[in-house]
Amino acid sequence: MSGSSELFARAQRVTPGGVHSPVRSFGSVGGKPVFVDHAAAAELVDIDGNRYIDFCMAFGPLILGHRNEEVAAAVSDAIARGWSYGAAEAISLELAELIIGRLPWVEQIRFVNSGTEAVMSCLRLARAATGRNKILKFAGCYHGHTDSMLIKAGSGLAGQAVADSAGVPASAAADTLIAKLDDEGSVDCVFDVHGASIAAAIIEPVPANYGLLPQRPEFLRHVAASCRKHGALLIFDEVITGFRLGFGGYTERCGLAPDLVTYGKIIGGGFPVGAFAGKRELMEQVAPVGPVYQAGTLSANPISMTAGLATLRQLADGTVYAELAALGEILEAGIRSIAGVRQQRTESMFWLLPGAADDHGLARSPAQIPVSIAEQYPRIFHHLLGAGVYLPPSPYEVGFLSAAHSESDIGALVDALASAVANQ
Ligand code: PMP
């Protein structure tokens with residue numbers, strides 16, 4: 001029995017499913033999870049000494065790879081001074097100033113501990129600012145596990161939403177309205193019926209939690225215009241895309257001026273983090289200046305802030321993004337040469353799905369995802385794992401490139417993928 005199998009058996013006794021976040025259990029790809037012992041640069045090493053080139057990269061935060069030297073040095077230094085004060089300190093100030101100096105839509109920012117928390121607080125702020133209760137979300141977008149966001153579409157577009165999770169009260173679901181990605185008509189339908197009571201629309205501008213479903217810019221413009229027309233706020237959830245698609249994330253490139261933006265992942269350099277941000281007038285409705293309560297014992301803890309600062313400083317001049325774009329193109333060219341599998345990619349985020357690239361338009365909504373992915377991906381995943389390549393353990397999670405990946409890492413992924421498809 002492998003070390004990982006032994007640990008998994010023990011872990012299942014002490015925590016549900018043996019993991020502390022569901023997708024880590026390999027439930028969507030079958031088999032047993034590998035237990036990681038340590039990692040460096042682009043490599044994961046499991047407890048049995050197996051080595052993998054990691055294309056999951058902790059689901060996005062590690063844009064510089066594992067144990068980036070500058071981040072590690074800054075964090076060691078921070079730990080030597082103390083790791084939690086519950087008091088004002090200067091590191092979060094430096095991080096906030098770095099971000100505010102670069103992103104014009106961020107006049108103030110509040111750091112929290114997770115993307116879920118950032119979204120939860122943003123929704124409260126949007127409701128307070130508008131005096132309205134309803135939130136419009138899009139089927140297929142994930143915004144963390146706060147009650148009102150664990151909702152998918154009911155049968156009628158503007159009808160009653162139904163929760164994805166047990167334990168979500170009907171009252172929480174009642175204020176969440178669902179529209180379809182890539183479908184202006186469904187947005188109109190919801191706003192026509194509920195426009196006067198919608199506090200905000202929240203969207204991942206590049207949805208990356210149901211595969212990677214790039215949206216047409218016109219569609220996002222339509223969502224933004226509908227919000228303006230009906231007096232609702234627009235929230236971009238950039239927990240994944242922030243500092244990933246370029247320093248300013250999607251917001252920088254789209255020219256749409258969302259009212260609030262949520263961040264997470266890269267902004268904490270791989271340590272627990274989240275953040276929400278916007279114009280001063282809106283943000284100053286948050287406590288202690290305003291009436292919207294929001295707090296956190298470990299918020300802006302000096303370790304996450306230090307790791308975030310050391311990461312963002314390395315991203316600020318744009319060199320890393322240029323390198324990642326080049327790696328992404330090599331990956332794209334490699335996958336194009338393999339029949340039977342294609343990819344959708346936005347910069348350094350990629351997603352594998354069945355079929356030849358030329359036979360299909362882009363999948364932009366969950367309904368356009370080939371059902372065969374649920375059968376094909378687990379086979380590909382395990383073939384690659386056996387070849388020393390670690391992909392995200394779910395057909396609907398995206399892969400990430402990092403500055404620690406080399407052309408030969410990409411070559412290994414492409415070769416393993418070609419052999420996986422040939423052996424299907
Ligand atoms: N929003 C988006 C777009 C996300 O991708 C995620 C996490 N994958 C979250 C929110 C929730 O973040 P966290 O897991 O840090 O709570």
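Residues numbered from 1 in each chain as written. Predicted model: local features only at pLDDT ≥ 70, side-chain atom pairs only at ≥ 80, totals over all residues. Heavy atoms only, no water.

Within the protein chain, the secondary structure is distributed over 13 helices and 16 strands. When the backbone C-alpha atoms are referred to their principal axes, the protein chain occupies close to 55 × 55 × 45 Å. For the protein chain, the residues scored as buried account for 54% of the 424 residues in total. Expressed as a percentage of contacts within the protein chain between residues at least 6 apart in sequence, the contacts between residues at least 24 apart total 71%. Per element, the accessible surface of the protein chain, about 17400 Å² overall, is 53% carbon and sulfur. (Helix = DSSP H or I, 4+ residues; strand = E, 2+ residues; numbered from the N terminus. Buried < 20%, exposed > 50% of the residue type's maximum accessible area, 1.4 Å probe, protein only. Contact = heavy atoms within 4.5 Å. Areas by Shrake-Rupley, 256 points an atom, 1.4 Å probe, with all protein chains shown as cover.)

Turning next to the state of the cysteines. All told, the structure shown has zero disulfides when counted by the stated rule. Free cysteine Cys56: the closest other cysteine sulfur is in Cys141, separated by 20 Å. The exposure class assigned to Cys56 is buried, which follows from its relative accessible area of 4%. Summary of cysteine pairing: Cys254 is not part of a disulfide, and the nearest cysteine sulfur, belonging to Cys227, is at 13 Å. (Disulfide = S-S within 2.5 Å.)

When the terminal C-alpha atoms of helix H13 (residues 407–422) are compared, their 22 Å separation across 16 residues agrees well with the 22 Å that a helix rising 1.5 Å per residue should span. Among all positions in H13, only Asp409, Ile410, Leu413, Val414, Ala416, Leu417, Ala420 and Val421 are buried. Down the axis of H13, the buried set is contained in an arc of 165 degrees. They therefore lie on one face. Opposite the buried face of H13, at more than 90 degrees from it, the exposed residues are Glu407, Ser408, Asp415 and Ala422. In this structure, the buried side of H13 is in contact with strand E3 (51–54), helix H11 (319–336), strand E13 (341–346), strand E14 (349–354), helix H12 (373–386) and strand E15 (389–390). (Expected span 1.5 Å × (residues − 1). Arc of directions from axis to C-beta.)

As far as function goes, none of this settles anything; it's purely spatial.
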